[in-house]
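Each chain, written out:
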Amino acid sequence: MTDALRSDSLLHVDNATMQFGGLTALTSFCLDVKKGDLQGLIGPNGAGKTTAFNVMTGVYAPTSGNIVVDGQRMNGSKPHRVNRAGLARTFQNIRLFKDLTAADNVRVACLVDDRPPSSIFNRARLDARRRNGQRVVAHALDAVGNYLDWWRTFLQTSAFRRDEERITETAHRLLDVMGLGHRKDELARNLPYGEQRRLEIARALATSPKVLLLDEPAAGMNTREKAELMTLIRKIRDDFDLGVLLIEHDMKLVMGICEKITVLDHGETIAVGTAVEVKQNPKVIEAYLGVESKELQA
Amino acid sequence: MPGFLRGLVPFAIAVPVLLLVQWATSNAPFFVILSLTVGVNVALAVSLNIVNGMTGQFSIGHAGFMAVGAYIAGVVSKATAVFGISFLPELISDQVLYSVSLVVGASVAGLFGFLVGLPSLRLKGDYLAIVTLGFGEIIRVVVQNTEVFGRALGLSGVPQRTTLFSCWFVVVIVVVVARRIRGSSHGRALLAIREDEIAAEAMGVNTTAYKVRAFVVASFFAGLAGGVFAHYQSIVAPSSFGFVKSMEIVVMVVAGGLGSTTGAVIAAVLLTLLPEALRSAFFAFTGSASFAEKAEQIRMPIYGLLLVVIMLVRPQGLFGSRELWDMQPFKRWLGGGK
Amino acid sequence: MSELVQHIINGLAAGTIYALVALGYTMVYGVLKLINFAHGDVMMVGVYVGYASAKQMGREFSQSFLGISLVFLMAMCACAVLGFLIERFAYRPLREKPKLTSLITAIGMSFFISYSFQVETKIGDVTVLPGAAPKAFPEIIKPTEWLVFGDRDIVIWNWQVVSVVIAVALMAALQYLVFRTRFGMAMRAVSFDHKSAGLMGIPVDRVIALTFMLGSALAAGAGLLYALKDTLVQPLMGVTVGLKAFVAAVIGGIGHVPGAVVGALALGLVEEFVVGYGSSTWRDAVAFAFLIVVLLFKPEGIFGKVTAEKV
């Protein structure tokens with residue numbers, strides 16, 4: 001456990017196991033993501049990759065094991081807490097807010113933060129309280145702070161207006177980064193598939209994450225789009241100072257950009273290493289295609 | 001000009017306009033009563049829209065919160081009727097005490113909203129609907145069995161303090177607040193919950209807390225509407241707050257378009273005026289009160305049929321999710337979407 | 001002690017009636033994932049059809065075995081047809097739309113049916129719609145004490161026995177149908193995944209329609225038993241009984257057939273105890289309070305399965 005609290009580890013999963021009744025979806029899953037990492041999580045269908053994501057982001061509480069995000073232990077925390085701690089994700093089956101505009105999709109993810117550092121409701125101070133074990137107090141203060149936010153909304157104070165401007169500005173900026181600036185007022189459901197995927201990434205980025213989890217970001221894209229996506233992911237990792245973890249089925253993409261790859265099969269980790277190491281690992285080859293794999297050696 | 005003073009502009013405009021309308025209609029009591037009925041329904045529809053339309057939680061017991069507001073405000077008013085604030089002229093003192101009773105009633109209603117919102121956290125769709133219906137019914141049964149609230153006959157003798165001005169001022173407050181919620185991060189969070197709760201949660205929205213807050217805000221305003229209602233009806237009877245009333249409000253929100261404040265307002269106005277108009281028309285043409293009564297009875301099955309037809313033909317209602325202020329040319333005048 | 005036993009007997013007897021209605025809810029929910037709010041009102045229609053038939057037959061004939069059977073048969077057929085029409089024209093077009101749409105439609109349908117029956121309508125000499133005034137249901141089964149213990153300490157009425165026997169028989173028949181016939185298997189397939197069931201060649205539309213008809217027919221039977229118990233019938237009875245049966249189905253775990261029965265019996269007992277030992281004015285609130293308590297602790301119901309949404 002002390003290992004996990006090394007200051008440079010942004011996401012540390014320590015032997016997480018996930019059981020659903022009689023089915024064990026994930027066994028002793030370990031992972032460590034540091035700032036600037038670009039890691040991959042691969043495995044045949046049903047290997048437990050999305051389950052791993054769900055466990056890390058708090059959708060499921062792990063049956064055993066620890067999830068530590070930016071130094072905070074997050075097992076069993078609700079997804080919105082995990083997100084605030086610094087973990088953002090996209091979904092395998094796109095989950096955009098379909099009837100909202102692209103800009104609004106991103107705005108939702110921008111957190112209201114105009115609480116001055118001196119105020120007892122300031123988010124950083126509340127998080128510090130939580131770390132010190134003052135969870136109940138922090139929760140109560142958070143609730144009161146939120147109700148005060150509502151009042152500022154009703155009265156339309158200057159603080160509120162500044163917040164709105166800042167949120168809109170951030171949203172537009174992120175949309176531009178993802179090449180969606182021209183679509184900001186378009187309803188999310190009207191966007192072409194590739195743009196929807198990019199919008200999901202923009203939305204996740206709006207939560208100011210420290211680690212970005214991408215669940216099959218390239219699914220359904222053609223070769224050119226995938227190449228563009230690879231460049232984009234690298235750029236995001238650099239510009240936003242993040243750690244990135246991707247689930248992907250496209251081997252070329254994964255081998256192309258991931259520096260470290262974890263391979264799952266039936267919930268168990270069968271290999272961890274660089275692209276070259278993993279490609280040649282006999283267990284990995286067997287898990288994917290039985291005996292030989294031309295695909296992996298491509 | 002500091003932000004919140006600019007925020008008071010709509011009210012600053014509303015005050016003289018409403019005073020003018022009140023003065024102009026002071027000799028037309030029928031019109032005044034009608035406008036009060038319409039006003040209360042508008043407030044109810046707009047407040048329900050916050051939960052059903054914006055947050056996507058289907059609540060069908062809204063009349064229960066109206067009842068809480070009505071009864072509590074009525075009781076407080078009756079209790080303080082003998083008092084007066086010494087340094088104020090009687091009329092103003094009455095109105096002040098009236099406002100206090102409204103706020104107290106609405107606050108208790110908001111508290112009930114919290115209590116109802118709490119179990120709602122774990123429930124979805126149909127279950128939530130039934131639980132909200134259940135709460136509405138439980139409130140009604142409790143009231144019917146409590147001496148203080150006058151049991152089945154209801155609370156009588158509530159001082160009649162509602163004026164056209166005060167009723168519609170409340171309506172203006174509710175509409176403005178609903179609009180401001182919509183154009184804020186809170187509103188966006190509610191909409192996100194409606195669209196995809198899991199994604200909203202993953203993006204940092206505390207869905208649990210927001211759903212409860214939606215209930216609290218909506219029930220507060222329903223309670224406010226109830227208080228206004230109590231102070232012109234003078235008699236607060238449990239039969240006014242049954243499932244039928246809840247359904248009326250639901251029909252208004254659905255017909256207007258789930259999620260649209262403008263839609264809720266327009267639908268509430270139309271659906272309140274139309275039956276009245278029909279009733280008067282029947283009465284005028286046939287001269288018989290019983291036929292007019294028939295029109296009243298037919299109103300209910302027609303509401304039901306209306307819901308079915310709307311769902312089959314135009315499920316998004318009149319306005320869908322859109323608002324008047326987002327459409328040209330209103331965008332310029334009303335400062336679009338803020 | 002004997003009072004307790006009497007309450008238990010009454011509660012169980014009422015519970016079996018709720019169970020019949022609850023089964024309809026649970027079956028329809030199983031295949032459509034929709035709570036048919038109008039179910040109780042269909043039951044109400046059946047009761048009035050029974051009322052009309054019994055009145056037409058006249059006192060003597062309606063009390064004969066043949067007469068009673070005919071009354072039941074006519075009510076059940078009428079409801080089956082009504083159920084079919086509702087499903088066909090109000091629910092089927094909305095099957096692929098979001099759940100909320102169907103929910104609103106179901107509520108609207110319920111409102112429409114129950115409140116149109118409140119408006120007394122006559123065409124010439126024939127009363128087409130009964131109106132709001134409660135009417136006495138014809139005594140097609142003359143209430144007689146069937147079994148008496150002690151000095152009338154515990155009384156079991158004949159209609160209670162008939163009620164339970166008919167209810168149990170219908171439930172057994174349903175159980176057989178769902179688990180031992182091909183049609184039942186088709187129903188279960190559709191309830192798991194109606195798209196895949198369709199791809200496997202199961203006539204989904206027909207299965208759903210028949211399920212509706214079956215559930216409605218059961219409700220009609222239940223309604224008649226309820227009318228015999230309560231004697232008075234009025235158009236809004238469908239709403240009250242329907243809601244309580246729905247509560248029972250949810251408590252047992254919606255979609256779970258035996259669960260609906262257990263839930264209904266439990267509700268019947270709780271209601272009887274509250275009314276018997278407490279006060280009858282709280283009767284209507286009991287069901288809801290019971291529901292809320294159960295949902296707070298076990299939202300999926302007693303036998304329900306927790307269905308996790310795939311993220």
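The structure displayed is predicted, hence computed values, not measured ones. (Residues numbered from 1 in each chain as written. Chains lettered and ligands numbered in written order. Predicted model: local features only at pLDDT ≥ 70, side-chain atom pairs only at ≥ 80, totals over all residues.)

**Q** Is there a simple way to explain the overall build of chain B in this structure?
**A** Within chain B, the secondary structure is distributed over 14 helices and zero strands. Reading chain B from its N end, one meets helices and strands in the order α-α-α-α-α-α-α-α-α-α-α-α-α-α. In terms of C-alpha radius of gyration, chain B reaches 20 Å, essentially the compact-globule figure of 20 Å for 338 residues. Expressed as a percentage of the 338 residues in chain B, the buried residues total 55%. Here the contacts in chain B between residues at least 6 apart in sequence split such that 81% fall between residues at least 24 apart. (Helix = DSSP H or I, 4+ residues; strand = E, 2+ residues; numbered from the N terminus. Rg over C-alpha atoms; globule rule 2.2 N^0.38 Å. Buried ≥ 20, exposed ≤ 12 C-beta atoms within 10 Å, placed from the backbone. Contact = placed C-beta atoms within 7 Å.)

**Q** Where do I start with the environment of Val204(C) in this structure?
**A** As for its placement among the helices and strands, Val204(C) is situated in helix α9 (residues 204-230). In this structure, Val204(C) is in contact with Val190(C), His194(C), Ala197(C) and Gly198(C), ignoring residues within four places of it in sequence.

**Q** Please explain the sheet that holds strand β6 (residues 87-89) of chain A as it appears in this structure.
**A** Adjacent strands of a sheet pair through backbone hydrogen bonds, lying either parallel or antiparallel. Residues and elements named next belong to chain A. Strand order across the open sheet formed by six strands is β6-β7-β8-β3-β9-β10, with mixed pairing between neighbours. Whereas interior strands pair on both sides, the edge strands pair on one side only; in this sheet they are β6 and β10 (268-273). Each strand axis lies, on average, 20° off the axis of its neighbour in the sheet, ignoring direction. Relative to strand β7 (residues 211-215), β6 is paired through three bridges, and the arrangement is parallel. By the bridge assignment for β7, Ala-88 is matched with Leu-212. (Pairing = 2+ DSSP bridges. Axes fitted to C-alpha atoms, helices over the stretch in contact; angles between N-to-C directions.)

**Q** Please clarify how the packing of helix α5 (residues 90-120) of chain B against helix α6 (residues 125-144) of chain B should be interpreted in this entry.
**A** For any two helices packed against each other, one specifies the inter-axial angle together with the distance between the axes. All names here are of chain B. Running from N to C, α5 and α6 point in directions that differ by 150°, and their axes come no closer than 10 Å. With respect to α6, the element α5 is oriented roughly antiparallel. Note on packing geometry: the crossing formed by α5 with α6 is right-handed. On the side of α5, the interface is formed by Val-116, Pro-119 and Ser-120, while α6 contributes Leu-128, Val-131, Thr-132 and Phe-135. Of the residues contributing to the contact of α5 with α6, the split by class is five nonpolar, two polar and no charged. (Parallel < 35°, antiparallel > 145°, perpendicular 65-115°, else oblique. Left-handed = near helix turned anticlockwise from the far one by under 90°. Nonpolar A, V, L, I, M, F, W, Y, C, P; charged D, E, K, R; others polar.)

**Q** Would you take a moment to explain the pairing of strand β9 (residues 260-265) of chain A for this structure?
**A** A regular strand places its side chains so that they alternate between the two faces of the sheet. All names here are of chain A. Pairing of strand β3 (residues 38-42) with β9 involves four bridges; the strand directions are parallel. In the strand pairing of β9, Gln-39 is matched with Lys-260. Pairing between β9 and β10: five bridges, direction antiparallel. Considered in β10, the bridge of Val-263 is made with Ala-271. Linking β9 to β10, which pair antiparallel, is a turn of two residues; within it His-266 sits at a positive phi near 50°.

**Q** Explanation requested: the sheet that holds strand β2 (residues 23-34) of chain A in the structure shown.
**A** Residues and elements named next belong to chain A. Across the sheet, four strands lie side by side as β2-β1-β4-β5; this open sheet has antiparallel pairing. Unpaired on one side and paired on the other, β2 and β5 (72-73) mark the two borders of the sheet. Two elements, strand β1 (residues 9-20) and strand β4 (residues 64-69), share five bridges in a ladder whose sense is antiparallel. The partner of Thr-17 across the bridge, within β4, is Ser-64.

**Q** I tried to follow the interface of chain B and chain C on my own but got confused; where do I start?
**A** The accessible area lost on association of the parts is a frequent measure of interface size. Taken together, the 33 residues of chain B in the interface contact 34 residues of chain C. Among the secondary structure elements, those contributing two or more residues to the side of chain B that touches chain C are α6, α11 (243-256) and α13 (289-313) of chain B. Among the elements that line the side of chain B that touches chain C, the one with the most residues is α13(B), at twelve residues. Of the residues assigned to the side of chain B that touches chain C, the class counts are 23 nonpolar, six polar and four charged.

**Q** Before we go on, may I ask you to explain helix α8 (residues 185-195) of chain B in this structure?
**A** For an α-helix, 3.6 residues make a turn, and residues three or four places apart therefore share a direction. With eleven of eleven residues buried, α8(B) lies mostly within the body of the structure. Considered for burial, the residues of α8(B) that qualify are Ser185(B), His186(B), Gly187(B), Arg188(B), Ala189(B), Leu190(B), Leu191(B), Ala192(B), Ile193(B), Arg194(B) and Glu195(B).

**Q** Would you take a moment to explain the confidence of the model for chain C for this structure?
**A** One rule of thumb: low pLDDT means the predicted coordinates there are not for detailed reading. Residues and elements named next belong to chain C. When pLDDT is averaged across chain C, the result is 84; 97% of the residues are at 70 or more. No element of chain C has a lower mean pLDDT than helix α3 (residues 59-62), at 74, and none a higher one than helix α4 (residues 65-91), at 90. Reported for the predicted complex are a pTM of 0.88 and an ipTM of 0.88. (pLDDT = per-residue confidence, 0-100.)

**Q** Any chance you could explain the packing of helix α2 (residues 9-24) of chain B against helix α7 (residues 164-182) of chain B here in plain terms?
**A** Residues and elements named next belong to chain B. Between α2 and α7, the shortest axis-to-axis distance is 9 Å and the interhelical angle comes to 150°. By the criterion of interaxial angle, the relationship of α2 to α7 is roughly antiparallel. The handedness of the crossing between α2 and α7 is right-handed. Where α2 abuts α7, its residues Pro-10, Phe-11, Ala-14, Leu-18, Leu-19, Val-21 and Gln-22 lie against Leu-164, Phe-165, Trp-168, Phe-169, Val-172 and Val-176. Tallied by class, the residues present in the contact of α2 with α7 amount to twelve nonpolar, one polar and no charged.

**Q** Looking at this structure, how should I read the environment of Leu12(C)?
**A** All names here are of chain C. Here Leu-12 lies in helix α1 (residues 2-32). On the basis of neighbour count, Leu-12 is assigned to the partly exposed category, with 18 C-beta atoms found within 10 Å. Sequence separation between Leu-12 and Leu-267 is 255 residues, and the spatial gap between their C-alpha atoms is 9.0 Å.

**Q** Where do I start with the nonpolar core in this structure?
**A** One recurring pattern in soluble globular proteins is that nonpolar side chains are buried together. If you look at the biggest cluster of nonpolar residues, it comprises 290 residues, and the most contacted ones within it are Ala43(B), Ala45(B), Ala19(C), Ala22(C), Cys79(C) and Val247(C). Per element, the largest residue contribution to this core is 17 residues, and it comes from α9(C). In this structure, Val247(C) is in contact with Leu267(C), Ala287(C), Phe288(C), Phe290(C) and Leu291(C), ignoring residues within four places of it in sequence. (Core = buried A, V, L, I, M, F, W, Y, C linked by C-beta atoms within 7 Å.)

**Q** Help me out: how do you make sense of unusual backbone geometry in this one?
**A** For residues besides glycine, phi is generally negative; the peptide bonds are generally trans as well. In this model, Asn15(A) sits at a positive phi of 50°, which is unusual for a non-glycine residue. Topologically, Asn15(A) is positioned in strand β1. Looking at Asn15(A), the number of C-beta atoms within 10 Å reads 12, which means it is exposed. A positive phi is found at Ser234(B), a non-glycine position, where the angle reads about 70°. When the 15 C-beta atoms within 10 Å are taken as the criterion, Ser234(B) is described as partly exposed.

**Q** What is the right way to look at helix α8 (residues 223-239) of chain A in this model?
**A** All names here are of chain A. In this model, α8 (17 residues) spans 24 Å end to end at C-alpha, consistent with the 24 Å of a helix rising 1.5 Å per residue. Among all positions in α8, only Leu-229, Ile-233 and Ile-236 are buried. The arc enclosing the buried residues of α8, seen along the axis, measures out at 65°, which places them on a common side. Along α8, exposed side chains directed more than 90 degrees from the buried face belong to Thr-223, Arg-224, Thr-231, Lys-235, Asp-238 and Asp-239. Against the buried residues of α8 lie α7 (193-205), β8 (243-247) and α9 (251-257). At the exit of α8 stands Asp-241, carrying a positive phi of roughly 60°. (Expected span 1.5 Å × (residues − 1). Arc of directions from axis to C-beta.)

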